Every structure is written in C-alpha cells, then in structure tokens.
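Each chain, written out:
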There are 2 protein chains.
Amino acid sequence: MSIKIGILGYGNLSRGVESAIKQNDDLELAAVFTRRDPASVQIKTAGVPVVAEKDILDWKDKIDVLVMGGGSATDLPVQTPKYAEYFNVIDSFDTHARIAEHFANVDAAAKKGGKVAVISVGWDPGMFSLLRMVSDAVLPEGKHYTFWGRGVSQGHSDAIRRIEGVKDARQYTVPIESAVEEVRSGSNPEFTARQMHLRDCYVVAEEGADKARIEKEIKEMPNYFADYDTTVHFISEEELKRDHAGLPHGGFVIRSGVTGNDKEHKHIIEYNLKLDSNPEFTGSVLAAYARAAYRLSKEGSNGCKTVFDIAPAYLSAKSAEELRGHLL
Amino acid sequence: MSIKIGILGYGNLSRGVESAIKQNDDLELAAVFTRRDPASVQIKTAGVPVVAEKDILDWKDKIDVLVMGGGSATDLPVQTPKYAEYFNVIDSFDTHARIAEHFANVDAAAKKGGKVAVISVGWDPGMFSLLRMVSDAVLPEGKHYTFWGRGVSQGHSDAIRRIEGVKDARQYTVPIESAVEEVRSGSNPEFTARQMHLRDCYVVAEEGADKARIEKEIKEMPNYFADYDTTVHFISEEELKRDHAGLPHGGFVIRSGVTGNDKEHKHIIEYNLKLDSNPEFTGSVLAAYARAAYRLSKEGSNGCKTVFDIAPAYLSAKSAEELRGHLL
C-alpha cells in the first residue's frame, strides 16, 4: 500500500513534489489543495483531484502526509502550524532567523494533534544543514562555509521585478572562485558577504524606462544587493525567455578542520550540488522526508522535527538489508 | 559528566580516536586495552591506564563505550561480537562482502547484553555510505560512483610488503581525472575498475633483490593490482621516510540523477573528502558515533546499528536548540 501524499498549493515547488512522487513507487499523489478556484488548476497527474483549501479537513483521514508548497515569507508561518494539528506535514521553511519561532509553533500544533511535522526540508536548509551538522560533529575544531550558485535566486529576481520600469528579471548568485579556492586550501579565511558571492542580473526594462535609474536602484538595494558586487545586463524579453528560462541552482558546503595531538593535520569536507532544476530537486527531498514522516508517525512519534532528528534509513524506500548490502 | 571511552588496541586508528577524544570536552579516555604487555605500551594521554585485554571485563561498569581499534580481516569479526554483549561498542568493519554476517553476529550479542553496537563507522564505510544512501533516497533514478584517493591504501601497501625482497612500500590509489569529469558531466558512464583508478607504488627493495621480479609480482597480483594500471617506483628507504611518511587519503562519492516529468533535468551531488590523516579522520568519526551510542543506550535502545539508523543530532555535543540555531 502506498503512502498517500497531499500537496498544498501548486507553484514551482509543488510541481517538483508532484514529479518526484512519480519517481517513487511507494508514494502516491492523493490530492492537490489550492486557494484558487480548483477548476482553474490543471495538474500533471491524471485522475488526482484538485480540492479547495477550505475543504482540506475533509481529507484528514484520506492522506498520510501533507506537503506544504507555499513560501516562507507569508504562507508557511501560518499554514504549517495550522495544519500540523491535523496532518503529518513537511515544509521547506527557509527564513533562518525565524526557525526557532516556527519550530515552537509547529511543535505545539503537531503534539496537540499527535502528528509528525518536519520543517525546513530541501537543500538549504535541508541537505546542506545535514552536511554542516554532521561535519561539525566529526571535525569539532574548524569552520564551515556555504557558497550558493551559480544559480537563480527567486527572491532576488522578485526584488528586481518590484522596481518601477522593470518588466521581468533573473538574478544569478555566483560564488567567487578565488574565495572558494582559499577555503579549499584549508586556510580558514574570514570573509565579508562581498568577498564570497557576486550578483549577476538580467533585466527586461519597460519601453522608455530609465535604465540608469533602474541599475542604480538595483545596486543600492539594501540586504539584497548593496553588500555585493552586482552586474546589471539589460536584455530583451526574447533573450530572457531563450537564455534564462530554467531554474538551475546549486552550491556547496565546505568544512575545514584540524585533528592530531598538535592539530597538525588538515581535513576538508566538501558537499557540492549542481541542480538543473531547483524546485524539482527540493521537491525530491520533500518527497523523501514525507516517507520518513509517515513511518515515524506509524511508529507513534509526534511533534516537530528537522533533518537533524531523523535517521537516514527512514528516507529510503529500500529495506535495511538492501541498504546495508548495497549502499553501506 | 563526560562519556567514558575505552579503546581496544593501540595502532594508528586507536591513536586517531585518542586524539579525537581530546577535541571533544564531553568525551574522556578511560582506558586503553591491549593484547601486548601493558607496560610496553606508551599512550599519549597522561594518567590513563593501559590494561591487559584479558582484564577488560573488570571495566564493564567503568566505561560507557568501547571503541574497537582492530582490523577487519581478523580482529573485528571476533572482537566486536565478543564484546558487544558487555559494552556499547563502535567498530570500523569495512569488508563489504561480509557486513551482513558481521551485523547478524554483533546484533545477537548486543541484544543479549542489552547494549548498543554501531558497526562499519568511518568514512568508507561511514560518511560515504551516508551520502550514497541519502542521495539514493533523494534521487532514486540515477547512479552513484565512489572514487578513492589520491591516498595511501594500507591494505595494498601491506600486500606489496609481503613480496619477497621488499623492505617497505607505500601504495597510492589515484582516481582517473577523465573518469571523474565524465561522471560530473552527468553522462552516467559504465566503468571497469581499471577505468576509475590507477595504482601508484613506491617500493624499497632489499639490497640485491630482483627488482624486475618484484615489479612483475606487484603488477600481476590478483584482486589487488592485476585489474589496474599500476606504476612501480623503486626508491631508497630515506626517500620513503622523507616523502611518504604521512597517511593522507580521501575520495568522493558522486550521485548523478534525473528529475522531471520527462526526466529532463540532471542533478549532481558530490561529497568530497581531502584528509591529511586517514586514521585521525576515521578516529574522529568513531568518536562522534561513540557519543551517539552512549545516548542511544541511555534511551534504552539496543542491538546493532549502522550510520543509516542513527539520527544525525545524536552525533553532536551541541543541543537541539544550538543545532537549529546555527547549523540548520
């Protein structure tokens, strides 16, 4: 019997979860829930209902895990605690500064309902967190570095789109190669934000817009661009569609540490992702953790968890014997 | 109160565990057990007793976790099941073909004694297994590749030393760069052993030994060298000591997989280790899993486990709040 998955929302990430479910025989898409008119949402999996979010509690006993497809800014802080009381849930909450608060809210709801919730699943937070944490435990004397890119930052692209006179935009986050090489050498450098990443922007301006003003507004935007060396390229809408349609991303976590009686030996651990599709990879991680949440719930576990709290074997469709036989 | 660790044996790996314990405030070396005359063994930690292995059961209630420092060929298949009944134990058993048998033996003993045993801990098996397994769960349609090196293989160095006329030897396993690049491109190639690794040997011959015969014996040795392109360099004992005294190692696991409705997106996950000291890094991993075994045992768990069965948070000295606050 397969694990019945519901997905809340139907944006890029939800579609990534939907296609990941197809790659896992033990997972089954049971329903997609939407705030929109369900009749207006066409999903890719035949025979699966699209249901109005207001009717979601009717599905309480019909789905095993609810995957939250929403964003961290406004959706997840509300939705995950709201539904964790009724469903085992997985989210990709990635506002690092608010994780403690989100964890507490979701934990209270999940415990009240006797459900399992897993928050902050994906690649960062998620796979990168796992690597940072395990590497920190194995090499306690050291430093870790996280580089993102080269890849499309949807948050930064959105920020550019909000500028007057901008029709569309794509922002690439680019790690600075010399900084990466310095880290790989084991020298444990200290960096400012500007020394680790560049920001590379492709902008379609409205006809007649003041490009010099747009470029200035981008480069001076606090938090998003002011602390980085930023390049702005104005291109046509056709060029954007032709050359920048994908959502590739990636990055790497490097732990650099020492061992030995005189700390004389250096060690470098590097975990590197190169992703053609950020939402599909993130969706694949969410699908694996949905499996884990279902199993933990079956075992009687409840409350909020992160990737740190879940034994790796729970993620896999394979048996313990298969895992030991082929992957150990 | 710190976790009291015993170490069985005092070779390279045990010394790596000893120095790792010093880097972790919550771990304490309680005793080293040896088959040799304890008076002949000088350890690096002041005030810690060296005890004859025959008296080890006197320490049943004085140590929390026993770390096995022995080898997989003859020590661990006997020692780990023998002591898992009396102690929480950690070993680095790495004979992949015999893991099922070893797991069953250790599991029976640990369950009999109500103890926790963790086998096959280190970097391969160990960290590499974790990466292979998690990556396989996240990208179920794909292939994984493991490359080792450039680094000293102690098993291969020993095999050369057993040849008549060889005084000392060091064998480096070297990944073939063109194969690595092919894998990183996402083309999912099929390789023979010869296409993935080279073997590079530095040999000190006895005076008057027949070097041509030694070279031939190395290159034709089944399992170890016959299936690889092998280079043999004869060097002096001084050169060996000067240039090849360290035990560096490393390698990488690459998972190459696809996602998407038409499997149109490629993803590459790479985990890369560059280790100045193989035994010290392995010892550091064993130390982190010793912490986990102690905690699992305190919770009432028992039986044999591998890295797949242990939630990452158990490895860290940091609290759940700290981990979520700083590493998620």
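Our subject is the structure listed above.
Residues numbered from 1 in each chain as written. Chains lettered and ligands numbered in written order. Predicted model: local features only at pLDDT ≥ 70, side-chain atom pairs only at ≥ 80, totals over all residues. Heavy atoms only, no water.

**A closer look at the relation of the copies chain B and chain A**
This is how it is decided: A residue counts toward the fit only if its pLDDT is at least 70 in both copies, and the copies are then superposed by least squares on the C-alpha atoms of those residues. What makes two residues a contact is simply this: any of their non-hydrogen atoms within 4.5 Å.
With an RMSD of 0.0 Å, chain B superimposes on chain A once it is rotated by 180° and translated 0.0 Å along the axis. Such a combination of rotation and displacement between the chain copies is what one expects of a two-fold axis. Relative to the rotation axis, the C-alpha of B:Ala311 is the closest in chain B, positioned 1.9 Å from it. The residues that chain B uses at the interface reappear at the interface of chain A in 100% of cases, marking a shared surface.

**Looking at the sheet that holds strand 3 (residues 50-52) of chain A**
All names here are of chain A. How we decide: Here, strands pair whenever DSSP counts at least two bridges between them. Put simply, DSSP H or I for four residues or longer makes a helix, DSSP E for two residues or longer makes a strand, and each gets a number counted from the N terminus. Helix axes are fitted to C-alpha atoms over the stretch in contact, other axes to C-alpha atoms as well, and angles between N-to-C directions run from 0 to 180 degrees.
Taken in spatial order, the seven strands line up as 3-2-1-4-5-6-14 in an open sheet, and their pairing is parallel. Only two strands of the sheet have a single neighbouring strand rather than two, namely strand 3 and strand 14 (303-305). Adjacent strand axes in the sheet meet at a mean angle of 25° when their direction is disregarded. One ladder, built from two bridges, connects strand 5 (residues 88-90) with strand 6 (residues 116-118); its direction is parallel. When the bridges of strand 6 are listed, Val-89 appears paired with Ala-117.

**Digging into empty space enclosed by the protein**
As a reminder of what qualifies: Cavity: a set of points on a 1 Å grid over the protein atoms alone where a 1.4 Å probe fits but cannot get out. Pocket: an open set with protein on both sides within 12 Å along at least five of seven lines, its lining residues, like those of a cavity, having an atom within 4 Å of a point. Grid points are joined across faces, edges and corners, and a volume is the space filled by probe spheres set on the points. Throughout this entry, Asp, Glu, Lys and Arg are counted as charged residues, while Ala, Val, Leu, Ile, Met, Phe, Trp, Tyr, Cys and Pro are counted as nonpolar. The remaining residues, Gly among them, count as polar.
All told, the structure shown has one cavity of 30 Å³ or more when counted by the stated rule. Of the volumes computed, that of the largest cavity is approximately 180 Å³. Lining the largest cavity are 23 residues, and of these A:Leu130, A:Val134, B:Leu130, B:Leu131 and B:Val134 lie nearest its centre. Those elements that provide at least two residues to the lining of the largest cavity are helix 4 (127-138) and strand 13 (265-275) of chain A together with helix 4 (127-138) of chain B. Here the residues of the lining of the largest cavity sort into 21 nonpolar, two polar and no charged.

**Comments concerning the pattern of salt bridges**
Side chains that differ in charge, positive against negative, can pair when their charged atoms come close. Residues and elements named next belong to chain A. Here is the rule: By definition here, a salt bridge exists when the distance from a side-chain nitrogen of Lys or Arg to a carboxyl oxygen of Asp or Glu is within 4 Å. The buried label applies to any residue whose accessible area, calculated with a 1.4 Å probe on protein chains only, is under 20% of its type's maximum; exposed applies above 50%, and partly exposed to all values in between.
One pass over the structure, following the stated rule, counts 50 salt bridges over all chains. Notably, a salt bridge pairs Glu-217 with Arg-213, separated by 3.1 Å at the nearest N-O pair. Note that Glu-217 and Arg-213 are positioned in helix 8 (residues 211-219) at a spacing of four residues, about one turn of the helix. The exposure class of Glu-217 is partly exposed, given its relative accessible area of 36%. Here the salt bridges do not stand alone but share partners, grouping Asp-158, Arg-161, Asp-168 and Arg-170 into one network.

**Considerations on the sheet that holds strand 10 (residues 197-205) of chain A**
All names here are of chain A. Here four strands make up an open sheet; going across it, the order is 8-9-10-11 and the pairing mixed. Pairing within the sheet leaves two strands with one partner each, and these edge strands are strand 8 (151-152) and strand 11 (229-234). Two elements, strand 10 and strand 11, share six bridges in a ladder whose sense is parallel. Residue pairing for strand 11: Val-203 is matched across the bridge by Phe-234.

**A look at the pairing of strand 13 (residues 265-275) of chain B**
Summarising burial for strand 13 of chain B: eight of the eleven residues are buried, a large majority. Direction of pairing for strand 13 of chain A relative to strand 13 of chain B: antiparallel, over a ladder of nine bridges. Each bridged residue has a counterpart across the sheet, and for A:His267 the counterpart in strand 13 of chain B is B:Leu275. Sheet topology places strand 12 (residues 249-259) of chain B next to strand 13 of chain B; eleven bridges connect them, and they run antiparallel.

**Description of the environment of A:Glu181**
Tracing the backbone through its elements, the reader meets A:Glu181 in helix 6 (residues 177-184). For the pair A:Glu181 and A:Leu273, spaced 92 residues apart in sequence, the C-alpha to C-alpha distance is 17 Å.

**What to know about unusual backbone geometry**
Note the cis peptide between B:Asp124 and B:Pro125, where omega equals 0°. Despite not being glycine, A:Asn188 shows a phi value in the positive range, around 50°. Relative to the assigned elements, A:Asn188 resides in the loop between helix 6 and helix 7 (193-196). A positive phi angle is found at A:Lys263, which is not glycine, with a value near 50°. Counting through the fold element by element, A:Lys263 comes out in the loop between strand 12 (249-259) and strand 13. Assessed through its relative accessible area of 42%, A:Lys263 is described here as partly exposed.

**Considering the interface of chain B and chain A**
How we decide: Accessible surface is computed with a 1.4 Å probe, and the buried area is the amount of it that two parts give up when combined, taken over both parts together. Whenever a nitrogen or oxygen atom comes within 3.5 Å of another N or O atom, the pair is scored as a polar contact, on the condition that within protein one atom can donate a hydrogen and the other can accept it, and that pairs from neighbouring residues in sequence are kept only if both atoms are in side chains.
At the junction of the two partners, chain B supplies 65 residues and chain A supplies 65 residues. Buried surface at the junction of chain B and chain A, both sides included, amounts to about 5,800 Å², of which 61% is carbon and sulfur. Taken together, the connections running from chain B to chain A amount to two salt bridges. A salt bridge links A:Lys318 to B:Asp136; the nearest nitrogen and oxygen atoms lie 3.0 Å apart. Linking chain B to chain A there are 28 residue pairs in polar contact (both at pLDDT 80 or more). Ranked by the residues each element gives to the side of chain B that touches chain A, the list is headed by strand 13 of chain B, at eleven residues. Tallied by class, the residues present in the side of chain B that touches chain A amount to 31 nonpolar, 18 polar and 16 charged.

**Some remarks on the side chain of B:Thr34**
Residues and elements named next belong to chain B. The residue Thr-34 is located in strand 2 (residues 27-34) in this model. When its relative accessible area of 4% is taken as the criterion, Thr-34 is described as buried. A distance of 2.9 Å separates the side chain of Thr-34 from the backbone nitrogen of Arg-36, its partner in a polar contact.

Everything listed here is a matter of geometry and, on its own, says nothing about what the molecule does.
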